[in-house]
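Inside the fold
Listed below, chain by chain, are the residues.
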Amino acid sequence: MKQIPVAAALSVGLLMTAAQAAQKPAPKPQAPKEPAPVIVLETVKGTIEFETLPDDAPKTVAHIVELVKKNFYNGMRFHRAEENFLVQIGDPQSRDMSREAWWGRGPGSGKPIGVSEIGKRKHVAGSVGMAHSGDPKDADSQFYIVMQPRPGLDGKFTIFGRVTSGMDVVKKLKRADILKRASVK
């Protein structure tokens with residue numbers, strides 16, 4: 001049996017590896033990531049903009065963006081506004097002042113998100129989260145914006161956005177203030 005010198009065996013192995021690598025196509029460069037949708041809320045007190053977080057809550061972001069594009073939120077009232085805590089919107093009944101006692105308990109859009117996307121994000125000033133009545137997967141159209149850190153909410157609600165401008169407006173909002181128009185930028 002003929003023995004091959006170790007150096008020759010190694011060089012053959014390296015050549016084969018290089019030849020095999022040459023046959024594999026180079027990995028395709030990743031397409032540039034699209035910027036996250038920005039939601040614009042034009043209220044009677046001014047404009048609020050928040051960046052969505054599709055990497056953290058993809059189904060929630062897609063659901064809210066779809067509702068905004070369908071003009072679902074236009075003309076609604078902020079049915080909850082607690083000083084130094086939060087403002088909340090998303091109940092279609094809030095368009096009707098005679099139903100004020102029922103605001104916040106409405107049917108929403110009728111299409112819950114169906115999954116809980118609670119992540120590790122903390123509730124800091126400007127966090128935008130999904131309200132729910134006990135089960136995060138039943139969240140539908142109601143969302144809130146917190147005015148200051150709220151660690152008591154962490155791990156209980158899906159955070160899907162963060163205010164990028166208009167926190168001064170958030171702090172001015174009162175119960176029954178109208179959201180004139182919501183849009184996606």
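Residue numbers restart at each chain and count upward from 1, following the sequence in its written direction. Where totals are concerned, whole chains, interfaces and linings use all residues; where local detail is concerned, this predicted model gives features only for residues with pLDDT of at least 70, and gives and counts side-chain atom pairs only at 80 or more. The basis for every side-chain value is the complete set of non-hydrogen atoms in the structure, without hydrogens or water.

**Re the pattern of salt bridges**
The working definition used for a salt bridge is a side-chain nitrogen of Lys or Arg within 4 Å of a carboxyl oxygen of Asp or Glu. Applying the stated criterion to the full structure yields twelve salt bridges. Among the ionic pairs, Lys-111 bridges to Glu-66, the shortest N-O distance being 3.9 Å. Of this pair, Lys-111 sits in the loop between β4 (86-89) and β5 (127-130) while Glu-66 sits in helix α2 (residues 58-69), placing them 45 residues apart in sequence. Since its relative accessible area comes to 48%, Lys-111 is described here as partly exposed. A salt bridge links Lys-137 to Asp-135, with the nearest nitrogen and oxygen atoms 3.2 Å apart. The exposure class of Asp-135 is partly exposed, given its relative accessible area of 29%. Shared partners join several salt bridges into a network, and the residues in it are Glu-66, Lys-70 and Lys-111. Only runs of H or I of at least four residues qualify as helices and only runs of E of at least two qualify as strands under DSSP, and these elements are numbered from the N terminus. Burial here depends on accessible area, computed with a 1.4 Å probe over protein chains only, as a share of the maximum for the residue type. Under 20% is buried, over 50% is exposed, and the range in between is partly exposed.

**Focus on the environment of Lys-70**
As for its position among the elements, Lys-70 is in the loop between α2 and β3 (80-82). Accessibility expressed as a relative area gives 55% for Lys-70, which makes it exposed. As for Lys-70 and Ser-183, which are separated by 113 residues in sequence, their C-alpha atoms are 9.3 Å apart. Within the local environment of Lys-70, its side chain forms a polar contact with the side chain of Glu-66, the two groups lying 2.9 Å apart. Pairing of N or O atoms within 3.5 Å defines a polar contact, subject to two protein rules: one partner must be a possible hydrogen donor and the other a possible acceptor, and residues neighboring in sequence count only if both atoms are side-chain atoms.

**Structural notes on α2**
Take the residue count of a helix, subtract one, and multiply by 1.5 Å to get its expected span. For α2, with twelve residues, the first-to-last C-alpha span of 16 Å sits near the 16 Å given by 1.5 Å per residue. Taken together, the buried positions of α2 are occupied by Thr-60, Val-61, His-63, Ile-64, Val-65, Leu-67 and Val-68. Looking at the buried side of α2, the elements it contacts are β1 (38-43), β2 (46-52), β5, β7 (159-165) and β8 (179-184). Where α2 terminates, the next one or two residues include Asn-71, which has phi positive at roughly 65°. Contacts are residue-level and defined by heavy atoms, with any inter-residue pair within 4.5 Å sufficient.

**Here's the deal with the nonpolar core**
Counting residues in each nonpolar core, the largest one holds 31 residues, and the members touching the most others are Leu-41, Ile-48, Phe-50, Tyr-73, Phe-143, Ile-145 and Phe-160. If you tally residues by element for this core, the top one is α2, at five residues. Discounting residues that sit within four places of it in the chain, Tyr-73 has contacts with Ile-64, Leu-67, Val-68, Gly-90, Arg-95, Ser-141, Phe-143, Leu-179 and Ala-182. Each nonpolar core is a collection of buried residues, namely Ala, Val, Leu, Ile, Met, Phe, Trp, Tyr and Cys, held together in the definition by side-chain atoms within 4.5 Å. Counting residues in each nonpolar core, the second largest holds seven residues, with Phe-85, Leu-86, Ala-131 and Val-146 among its members.

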